[in-house]
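This is what each chain is made of:
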Amino acid sequence: MEQEYEVVVIGGGPGGYVAAIRCAQLGLKTACIDAWRNAQGRPALGGTCLNVGCIPSKALLHSSELYHQASTAFSAHGIQTGGLGIDLAVMQARKDKVVEQLTGGIEGLFKANGVTWLPGHGRLLEGTRVEFTPHEGEPRTLTPDHVILASGSRPLEIGLAPLDGGRIVDSTGALGFREVPRRLGIIGAGIIGLELGSVWNRLGSQVVLLEAQEQFLPMVDGEVGRQALKILGQQGLDIRLGARVLGSELADGEVRVSYQQEGEERSLAVDRLVVAVGRRANTEGLVAEEAGLVLDERGGVVVDDCCATNIPQVYAVGDLVRGPMLAHKASEEGMAVAECIATGKPHGVRLDTVPSVIYTEPEIAWVGATEQQLKSLGTPYRAGSFPLAANGRALAMQVKHGLAKVLAHAETDEILGVHVLGPGASEIIAEAVLAMEFAASSEDLARTIHAHPTLAEALHEAALAVDGRAIHRVNRR
Ligand code: FAD
Ligand code: AMP
């Protein structure tokens with residue numbers, strides 16, 4: 001049988017499509033199998049991220065923030081608005097257009113780079129053989145030299161609140177509401193729950209988040225988490241911590257949720273309920289038993305530092321494997337694997353410098369260690385922080401809260417973690433990531449010239465504060 005492709009990628013999300021493009025750039029004959037079909041039933045590239053994840057959520061976060069600003073902040077700037085209202089159909093159509101433009105863009109990039117798009121289902125057979133079943137058509141077997149598994153993840157479902165396609169939905173359902181729910185419940189105050197809660201809260205829903213853990217955002221620096229909890233609460237998000245959901249029922253057109261908090265059984269009635277309790281790797285139907293692929297206890301694919309699985313020439317990237325479930329992490333792994341296949345020189349992706357962002361307002365962004373992690377590891381460190389309220393640009397923008405914080409090793413001064421709470425935190429954190437990639441010290445950051453007036457100056461001042469020499473605030477020693 002003539003070999004059609006040297007590399008077959010299963011999954012066309014940010015892990016898979018980036019891997020496919022990079023393989024093609026490096027001269028490998030590449031195909032990408034992807035099973036996604038959009039709401040119109042048409043195949044679409046881009047996976048979760050472009051279709052029902054990063055992009056549509058950010059589109060709605062932006063629209064809802066504009067509305068929120070117009071209704072609450074404009075008057076302080078002397079801008080008068082009258083008869084403000086929401087046309088949700090237009091807002092949703094704009095979001096859908098952004099998604100369509102981006103997913104269509106990947107299709108264009110595939111054509112331009114010579115990647116073959118195979119819409120349908122992919123399954124790993126023995127070795128590197130892959131069964132491809134087109135959406136309409138018979139299965140056929142492909143025999144590439146290398147396979148990259150990039151089938152991503154899907155929302156975790158819980159028996160306590162089974163999805164009913166209308167009132168009880170997952171994140172995808174919550175991105176598609178056609179009317180603003182009067183009362184919205186969300187199970188899980190993690191990244192996705194907080195972003196979706198922010199969207200609908202800004203548009204007028206009463207939002208209650210039920211979070212089983214006692215601590216708010218345990219992965220976030222404690223100081224940042226405490227401030228964020230206060231600010232989001234002031235915005236109207238009712239975040240109930242230590243609230244473990246026990247069950248739910250649909251009755252009289254509403255959803256009744258029972259939960260346990262402070263040793264008591266409590267209940268909540270809402271019009272819509274979003275289940276946002278996490279995601280799990282998409283391995284169902286991905287691999288034939290005879291392939292012998294090793295999975296971990298959570299159902300993800302076990303890989304080494306370079307994303308190689310236990311099967312020679314078979315790699316796995318993105319949400320399917322260990323590490324944070326983030327699009328940029330998936331893409332970086334996709335590129336690393338493509339380069340490993342083309343050059344034979346494996347290189348891994350550093351997971352300790354993957355930035356994380358929560359796109360609430362203010363945004364929460366971080367890279368590296370939190371202060372509580374350093375304490376528990378016994379790592380000697382120095383911390384410097386700077387409040388945005390003391391930053392000129394922030395004041396000009398009417399920003400009253402937030403901070404930048406730098407954690408550096410007490411002896412070597414190497415930056416160990418950076419945390420930013422404020423508007424634009426998602427952009428500011430890029431500088432910190434670069435600094436950490438270059439093993440910079442807080443002194444390096446402190447001696448780097450930052451444009452004035454910018455929000456990034458808060459990061460500069462936080463680096464100066466590590467050494468007790470911030471200029472625009474009184475230093476505590
Ligand atoms: P996916 O994007 O899940 O893509 C996998 C693709 O493989 C899908 O198209 C799927 O249909 C296909 N597939 C699965 N099995 C098969 C098969 N057997 N055959 C063929 N095709 C198959 N991350 C961020 O970094 N920033 C954010 O702001 C952000 N926001 C998010 C908001 C929401 C609401 C959600 C749900 C997620 C968000 N994420 C965000 C996470 C991000 O979407 C994922 O980390 C990212 O999409 C993972 O990429 P991936 O390529 O591993 O998998
Ligand atoms: P993330 O992992 O960031 O998507 O966040 C999911 C959140 O859902 C976590 O903070 C979990 O603690 C929370 N969670 C999971 N199960 C439940 C439950 N039954 N009741 C309330 N919260 C839950």
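Not measured: the values here are computed from a predicted model.

### Overview of the packing of aromatic side chains
Then step 1. This structure, assessed with the given rule, holds one aromatic pair.
Then step 2. Aromatic side chains Phe177 and Trp200 sit 5.3 Å apart centroid to centroid with 55° between the ring planes, which places their arrangement in the tilted category. Separated by 23 residues along the polypeptide, Phe177 in the loop between α5 (171-175) and β9 (183-187) and Trp200 in helix α6 (residues 191-202) bring together distant segments of the chain. In terms of burial, Phe177 and Trp200 fall into one category: buried.

### Comments concerning the nonpolar core
One broad trend across soluble globular proteins is that nonpolar side chains are buried collectively.
Then step 1. Leu194, Leu209, Phe216, Ile239, Val274 and Ile364 are the most contacted members of the largest nonpolar core, which has 36 residues in total.
Then step 2. In this view, Leu209 contacts Ile186, Gly188, Ala189, Gly193, Leu194, Leu237, Asp238, Ile239 and Arg240; residues no more than four positions away in its chain are not counted.
Then step 3. Counting 30 residues, the second largest nonpolar core, distinct from the first, contains Ala365, Val418, Met436 and Leu455.

### Quick notes on the pattern of salt bridges
Then step 1. Counted by the stated rule, this structure contains 27 salt bridges.
Then step 2. Between Arg123 and Glu131 there is a salt bridge, with its nearest N and O atoms 3.2 Å apart.
Then step 3. Arg240 is the partner of Asp238 in a salt bridge, and the nearest nitrogen-oxygen pair spans 2.8 Å.
Then step 4. Members of the salt-bridge network, linked through shared partners, are Arg382, Asp413, Glu443, Arg447, Asp467 and Arg469.

### Topic: the site of ligand 1
Then step 1. Lining the immediate environment of ligand 1, one finds 39 residues, of which Gly15, Asp34, Thr48, Lys58 and Ala327 sit closest.
Then step 2. Gly15 is positioned such that a nitrogen or oxygen atom in its backbone is 2.8 Å from an oxygen atom of ligand 1.
Then step 3. The backbone of Ala327 places a nitrogen or oxygen atom 2.8 Å from an oxygen atom of ligand 1.
Then step 4. Elements that contribute at least two residues to the shell around ligand 1 include exactly β2 (30-34), α2 (47-52), α3 (54-72), β3 (116-124) and α8 (327-343).
Then step 5. Of the residues forming the shell around ligand 1, the biggest block, four residues, is contributed by α2.

### Details of the side chain of Thr353
Then step 1. Counting through the fold element by element, Thr353 comes out in the loop between α8 and β18 (356-358).
Then step 2. The class for Thr353 is buried, based on a relative accessible area of 4%.
Then step 3. Of note is the side chain of Thr353, whose polar atom sits 2.8 Å from the side chain of Glu437.
Then step 4. Contact partners of Thr353, with chain neighbours within four places excluded, come to Val367, Val433, Met436 and Glu437.

### Concerning the site of ligand 2
Then step 1. With respect to spatial proximity, 14 residues lie near ligand 2, and among them Gly188, Glu211, Ala212, Gln213 and Val245 are the closest.
Then step 2. In this structure, Glu211 approaches ligand 2 through a side-chain N or O atom, which is 2.6 Å from an oxygen atom.
Then step 3. In the environment of ligand 2, a nitrogen atom lies 3.0 Å from a nitrogen or oxygen atom belonging to the backbone of Ala212.
Then step 4. In the complex, the protein chains occlude 75% of the 510 Å² of accessible area that ligand 2 would expose alone.
Then step 5. Those elements giving two or more residues to the shell around ligand 2 turn out to be β10 (206-211) and β12 (244-251).
Then step 6. Residues of the shell around ligand 2, tallied by class, amount to eight nonpolar, four polar and two charged.

### What about helix α11 (residues 425-437)?
Then step 1. Taking 1.5 Å as the rise per residue, α11 with 13 residues should run 18 Å; its terminal C-alpha atoms sit 18 Å apart, in good agreement.
Then step 2. All buried positions along α11 are accounted for by Ala425, Ser426, Ile428, Ile429, Ala432, Val433, Ala435 and Met436. Down the axis of α11, the buried set is contained in an arc of 160°. They therefore lie on one face. Facing away from the buried side of α11, by more than 90 degrees, are the exposed residues Glu427 and Leu434.
Then step 3. The inward-facing, buried residues of α11 abut β18, β19 (363-368), β22 (415-422), α12 (442-446) and α13 (457-466).
Then step 4. One or two residues past the end of α11 sits Ala439, with phi positive at roughly 50°.

Each value, and the rule that gives it
Each chain has its residues counted from 1, running along the sequence as written. As a convention, the first chain written is A and the first ligand written is 1, with the rest following in written order. Only residues with pLDDT of at least 70 get local features here, since the model is predicted, and only at 80 or more are side-chain atom pairs given and counted; chain-wide, interface and lining totals rely on the full set of residues. With hydrogens and water stripped out, all remaining heavy atoms of the structure feed into the side-chain values. Any two rings among Phe, Tyr and Trp, with Trp reduced to its six-membered ring, count as a pair given centres within 6.5 Å; such a pair is stacked if its planes are under 30 degrees apart, edge-to-face if over 60, and tilted if neither. Under the DSSP-based scheme used, a helix requires at least four consecutive residues in state H or I and a strand at least two consecutive residues in state E, with every element numbered from the N terminus. Only protein chains enter the area calculation, which uses a 1.4 Å probe; residues under 20% of their type maximum are buried, those over 50% are exposed, and those in between are partly exposed. Throughout this description, the term nonpolar core refers to a set of buried Ala, Val, Leu, Ile, Met, Phe, Trp, Tyr and Cys residues connected via side-chain atoms within 4.5 Å. What makes two residues a contact is simply this: any of their non-hydrogen atoms within 4.5 Å. A pairing counts as a salt bridge when a side-chain nitrogen of Lys or Arg comes within 4 Å of a carboxyl oxygen of Asp or Glu. Near, as used in this document, describes a residue that has one of its heavy atoms within 4 Å of the molecule or strand being considered. Pairing of N or O atoms within 3.5 Å defines a polar contact, subject to two protein rules: one partner must be a possible hydrogen donor and the other a possible acceptor, and residues neighboring in sequence count only if both atoms are side-chain atoms. The Shrake-Rupley method, run with a 1.4 Å probe, gives the accessible areas here. Residue values count only the displayed protein chains as cover. In the scheme used here, Gly and all other residues not listed as nonpolar or charged are polar, with Ala, Val, Leu, Ile, Met, Phe, Trp, Tyr, Cys and Pro taken as nonpolar and Asp, Glu, Lys and Arg as charged. To estimate the expected span of a helix, subtract one from its residue number and multiply by 1.5 Å. It is the directions from the helix axis to the C-beta atoms whose arc is reported.

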